[in-house]
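Commentary on secondary and tertiary structure
Here is how the chains run, residue by residue.
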Amino acid sequence: MENKKLTMSDIAKMAGVGKSTVSRYFNGGYVKDETREKLKKIIDEYHYEPNAVAQSLKAKHSHMIGIVAPCLDSITSSRMLMAIDEYLKNSGYTTIIMNTNHNEIRELAFIEHLWRMNVDGIILLATTLTMTHQQIAAKLDIPILTVAQLFKGGISIIYDDYHAGYDVGEYGASMNHQNVLYLGVNQKDEAVGVQRKKGVLDALKDHQVKHVTVKETNFSFTDSRRIIHEYLTNHQPSLIICATDNIALACYKEIMERGLKIPDDISLIGFGGYEVSSLVTPSLCTIRYDNELAGQMAGKTMIQLIHEEPVAQTQLIGYQLIKGESVKKL
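In what follows, the accompanying structure is described. These numbers come from a predicted model, not from an experiment. (Residues numbered from 1 in each chain as written. Predicted model: local features only at pLDDT ≥ 70, side-chain atom pairs only at ≥ 80, totals over all residues. Heavy atoms only, no water.)

Digging into unusual backbone geometry
Cut-off, in case you're wondering: The numbering of helices and of strands both runs from the N terminus, where a helix is a DSSP run of H or I of at least 4 residues and a strand a run of E of at least 2.
The step from Ile262 to Pro263 runs through a cis peptide bond, and the omega angle for that step is 0°. Residue position: Pro263 is located in the loop between helix H11 (245-257) and strand S9 (267-271). In this model, Thr281 is joined to Pro282 through a cis peptide bond whose omega is -5°. Relative to the helices and strands, Pro282 resides in the loop between helix H12 (275-279) and strand S10 (285-289).

This is the structure we're talking about:
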């Protein structure tokens, strides 16, 4: 092969590495020692001269990380974003945060847009993962890290939603509740809509809870309030388990406005561990996930991916059940 015909792609293929690694080698970025040796050997053998123009196009590390978030007003998301941002800043990176407002088309467009902006990697706080996400991830030559949803075939940091749900269901059953309403979100959200719900319902079933009703809402306070308003007009469960604290707070408001008492008339459990859940009286029984830790893990994992260090494909974030005062033992 003559040197003038050899391209960066050829070198990458011959060395069995990505094009971005070859680009980093020429730009003095981080490359593993054995990879560096391998590349040096090929380059010396073919007397390869990098094309200065091509090189400047995909120049050195930009030290920018793109973050795609579903919303900025969720307490859990914003806690995590702050932690990611802080961790990356302290490690010499700048973050660019794109808010999709739960719009899937916008999410996909933002991923491509960030890639064109030459970011070193993308952290996706995902609500739904589709085939299209997988196709885009496979096409891009930068690392993508998904947080809060399991990315099959990709790298993810997820909450242990199934076991958290199971613990909640088990706690409700241990407090002798036999008439339970589960107020969840739809299945497009694999973590909250499928895993969390499955955990709760499996536990209630395993503990032979007699009456379990499932209703669906979304993450909005107003819509959840309307749905619980309609339901409580003809029903009075002894316990309502809500997929998020926000939904639980909508129920809280509705129950109080009906002149009913928590937990004397209706017990209530949420997920999220928001500060506000401990400020209401009685305080809300909830699952607290360590969002700050998740953010730090995301920042650390992204830097490891950029440096092509090995990382676990899936990392789990733990939780704790905070019992609060909103569940009565019957």
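As for the sheet that holds S10
Strand pairing in a sheet takes place through backbone hydrogen bonds and is either antiparallel or parallel in direction. Using the following cut-off: Here the rule is simple: two strands pair whenever DSSP picks up at least two bridges between them. Lines fitted to the C-alpha atoms define the axes, with helices restricted to the stretch that makes contact. Angles between their N-to-C directions range from 0 to 180 degrees. Any pair of residues with heavy atoms lying within 4.5 Å of one another is described as a contacting pair.
Here we have six strands laid out as an open sheet, ordered S7-S6-S8-S9-S10-S12, and mixed in their pairing. The open sheet has two edge strands, strand S7 (211-216) and strand S12 (319-322), and neither has a second partner. Within the sheet, the average angular offset between the axes of one strand and its neighbour, ignoring direction, is 15°. Bridge analysis of S9 against S10 gives three bridges, and the strand direction is parallel. Paired with Phe271 across the bridge in S10 is Ile287. Contacting strand S6 (179-184), S7 and strand S8 (239-242), helix H10 (residues 221-234) runs over the sheet at an angle of about 160° to S6.

Observations concerning the side chain of Arg196
Put simply, the test is: Contacts described as polar in this section are N or O atom pairs within 3.5 Å, which, within protein, must combine one atom able to donate a hydrogen with one able to accept it, while residues neighboring in sequence count only if both atoms come from side chains.
Within the secondary structure, Arg196 is located in helix H9 (residues 190-206). Within the structure, Arg196 has its side chain in polar contact with the side chain of Asp161 (distance 2.7 Å). Sequence-distant contacts of Arg196, defined by excluding residues within four places in its chain, comprise Asp161, Gly165, Tyr182, Ala191, Ala243, Thr244, Phe271 and Tyr289.

Things to note about the environment of Ile158
Here is the rule: Three exposure classes are used, based on accessible area relative to the maximum for each residue type with a 1.4 Å probe and protein chains only: buried under 20%, partly exposed in between, and exposed over 50%.
In this structure, Ile158 sits in strand S5 (residues 155-159). Judged by relative accessible area, Ile158 falls into the buried class, the value being 15%. Separated by 144 residues in the primary sequence, Ile158 and Met302 place their C-alpha atoms 14 Å from one another. Residues in contact with Ile158, not counting those within four places in the same chain, are Ala148, Gln149, Leu150, Thr314, Gln315, Leu316 and Ile317.

Describing the sheet that holds strand S3 (residues 121-125)
Taken together, the six strands give an open sheet; going across it, the order is S2-S1-S3-S4-S5-S11, and neighbouring strands pair in parallel fashion. A strand with exactly one partner marks an edge of an open sheet, and here the two such strands are strand S2 (94-99) and strand S11 (314-317). In this sheet, neighbouring strand axes are inclined to one another by 20° on average, regardless of whether the strands run parallel or antiparallel. Judged from the six bridges that link them, strand S1 (residues 64-69) and S2 form a sheet pairing that is parallel. Following the sheet pairing, Ile67 is matched in S2 by Ile97.

Points about the packing of aromatic side chains
To keep things clear, this is the line we draw: Note on aromatic contacts: the rings of Phe and Tyr and the six-membered ring of Trp form a pair at centre separations within 6.5 Å, being stacked when their planes are under 30 degrees apart, edge-to-face when over 60 apart, and tilted otherwise.
Taken as a whole and judged by the stated rule, the model has three aromatic pairs. Three or more aromatic residues joined by ring pairs form one cluster here, namely Tyr159, Tyr289 and Tyr319.

As for helix H7 (residues 131-139)
Here is the rule: The directions from the helix axis to the C-beta atoms form the arc being described.
Buried within H7 we find His133, Ile136 and Ala137. Viewed along the axis of H7, the buried residues span an arc of 100°, placing them on a single side of the element. Pointing more than 90 degrees away from the buried face of H7 are the exposed residues Met131, Gln135, Ala138 and Lys139. Looking at the buried positions of H7, the neighbouring elements they touch are helix H6 (104-116), S3 and strand S4 (144-147).

Quick word on the side chain of Thr301
Within the secondary structure, Thr301 is located in helix H13 (residues 291-306). For Thr301, the side chain forms a polar contact with the main-chain oxygen of Met297, separated by 2.7 Å. Discounting residues that sit within four places of it in the chain, Thr301 has contacts with Leu145, Ile155, Ile157, Val311 and Gln315.

A few points about helix H5 (residues 75-90)
Formally: A helix is expected to span 1.5 Å multiplied by its residue count minus one.
A rise of 1.5 Å per residue sets the reference length of H5, with its 16 residues, at 22 Å; its end C-alpha atoms lie 23 Å apart and thus fit the reference within 8%. For H5, the set of buried residues is Ser77, Arg79, Met80, Leu81, Ala83, Ile84, Asp85 and Leu88. The positive-phi residue at the C-terminal boundary of H5 is Gly92, with phi of around 85°.

Points about the pairing of S5
Within S5, five of the five residues are buried, leaving the element largely enclosed by the surrounding structure. Across three bridges, the pairing between S4 and S5 is parallel. Pairing of Leu145 across the sheet is with Ile155, part of S5.

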